[in-house]
Amino acid sequence: MITLRPHQERINDRMLAYNKGQIIVPTGGGKTLTMIVDTKRRHDVINNGTTTVVVAPRILLAEQLCSEFMEVIDPNNSDPYLHVLHVHSGETHHVSTTKADKIHLYANCARTMGENVIIFTTYHSLHRVMEADIEVNTIYFDEAHNSVQRNFFPATEFFAAEADRCYFYTATPKHSLTVSKPGMNDGSVYGQVLVNVPAPELVEQGYILPPKVVVKQLPLIKGRKVMYAEDADNLLETIDDNNIDKTLICARSTKQMVGLISQSDFVMQLQERGYSWMMITSKTGAIIDGQKVDREKFFDTLNAWGKDADKKFVCIHHSILSEGINVNGLEAVIFMRNMDYIGISQSIGRVIRLGADTKTFGLVCIPTYDSVGISTARKVQAVVDV
C-alpha cells in the first residue's frame, strides 16, 4: 500500500477535481509518485484500456521515470494488460520507436484489446507521438518549464487541447512577458495552478533539506596553459575542505571536463584520496573510472554508489543531470559555471533530497577564482535566499 505525504495527497485530490493544470513542487518533493498513483488509480477504475504519456526533458530522465513507474505499477513485470513504449532515440529494453505509424499501431492495438499503454517520451520526440494520431487519456509534462521552448511548444499546445487530462509538473515555472513567446502563465494552454507547494513547508516537515552555500575564495587563474591544472587544484581543495564524499560537479563545458580528466592529475589525485569518478556528456557518452559504459549502467551505478555509505565519488557533467534525475546520497554540488535561475534551482535540487541520517543540509559550493565564479556565487546565493 502506498502512503502519500500530506502535500502529495493534496496534489492527487486536485487532479481528481481538475483535468488540466500546473503542479508546482520543489525538487525532492516526490512529484513522480503522484503521477504514478494517479496512473494506477486510472488503470484500476477504467477497465477498457487507457493511454498515458509521460514527457521528460532528457532520455536519461525518461528511462528513470519508466523504472519508477514500473516499480510501483508492475514490480514483477507480470501484468499482461500493461504495455510500455518508449518514443525517443535512447537505448531501452522496452519496445522503442520514433516512427509515427508504429506508435499508432502499438497504442491502438492495445486499446482495441482493452489494455493499458504508458508511453515514455522526451520533449524532442513528443511531436512523433502527436503525428501518430492516437487518443491520449492522460499526459504528464515533467519539468514542464521546458515545454515553452519554441521547438516543443506546438506539440505541448496540441496535447493540452486534445488529451482528456493534462498536467504540467515543475519546481520552476517559466513565464513570458510577451504574447509572442510561450509561457506557463498562458492559462489557455497550461490551465491554472492546481497546487503550489512552498519549499519551506517541505523543509519544516523533514521531506527535503535546506541548502547551505559555501563560497571559497581562491587565487585567480593566470593563463590558459595552466587552466585545467588550476581547475583540478581548486576542485580538490573544495572537496577536501568540506569533507565531501559524494559530489556533483557542474562543469563549464565538455572541453573543460575532458581537460580535467586528460590534461591534469585530477583523476590520480582523486584515486589517491579513495574516490571513484564518473562523467557524462552528449559528446563523450558515459564514462565510469575511465571505462565507457551505456547510460543504463551509468545511471544504475550512480544510484548504487549514492546508496553506499562507504563509497566516495565525484560525478562530472555539464547539464545532463541538472533536471529531474533522482540520485540518492549526493551531498554537495560544486558550480564551475554560471547558470540561469532555473538551472541553478534544478542543480541545487540534486543535493537537497534526504540521504543518510547524518545529512542535515545540501551543500552548495562555489569556488571563486575568476569573474564567472564571483557572479555565479552571487546568483546562487540569491536563488537559495528565495
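One can find the structure itself at the top, above this paragraph.
Residues numbered from 1 in each chain as written. Predicted model: local features only at pLDDT ≥ 70, side-chain atom pairs only at ≥ 80, totals over all residues. Heavy atoms only, no water.

Student: I keep staring at helix α13 (residues 341-349) and nothing clicks. Help me out?
Tutor: Along an α-helix, residues three or four apart share an orientation, since each turn contains 3.6 residues. With eight of its nine residues buried, α13 lies for the most part within the structure. Three or more residues of α13 are buried, namely I342, G343, I344, S345, Q346, S347, I348 and G349. (Buried < 20%, exposed > 50% of the residue type's maximum accessible area, 1.4 Å probe, protein only. Helix = DSSP H or I, 4+ residues; strand = E, 2+ residues; numbered from the N terminus.)

Student: What am I meant to see in the packing of helix α2 (residues 31-45) against helix α3 (residues 59-73) here?
Tutor: The axes of two packed helices give the description: the angle between them and the distance between them. Contact geometry of α2 with α3 gives a least axis separation of 10 Å together with a crossing angle of 50°. Compared by their axis directions, α2 and α3 come out oblique. Handedness of the crossing formed by α2 with α3: right-handed. In this structure, α2 uses T32, M35, I36, T39, K40 and H43 to contact α3, whose residues at the interface are L65, E68, F69, V72 and I73. Tallied by class, residues from the contact of α2 with α3 come to six nonpolar, three polar and two charged. (Axes fitted to C-alpha atoms, helices over the stretch in contact; angles between N-to-C directions. Parallel < 35°, antiparallel > 145°, perpendicular 65-115°, else oblique. Left-handed = near helix turned anticlockwise from the far one by under 90°. Contact = heavy atoms within 4.5 Å. Nonpolar A, V, L, I, M, F, W, Y, C, P; charged D, E, K, R; others polar.)

Student: Before we go on, may I ask you to explain the pattern of salt bridges in this structure?
Tutor: Between side chains of opposite charge, a pair can form when the charged atoms approach closely. According to the stated counting rule, one finds nine salt bridges in the structure shown. Across the salt bridge formed by E143 and K31, the nearest N and O atoms sit 3.5 Å from each other. Taken as a pair, E143 in the loop between β6 (138-141) and α6 (153-162) and K31 in helix α2 lie far apart in primary sequence, 112 residues in all. Look at E143 and you get buried, because its relative accessible area is 2%. Residue class for K31 comes out buried when judged on its relative accessible area of 13%. Each of K31, D142 and E143 takes part in a single network of salt bridges with overlapping partners. (Salt bridge = Lys/Arg side-chain N within 4 Å of Asp/Glu carboxyl O.)

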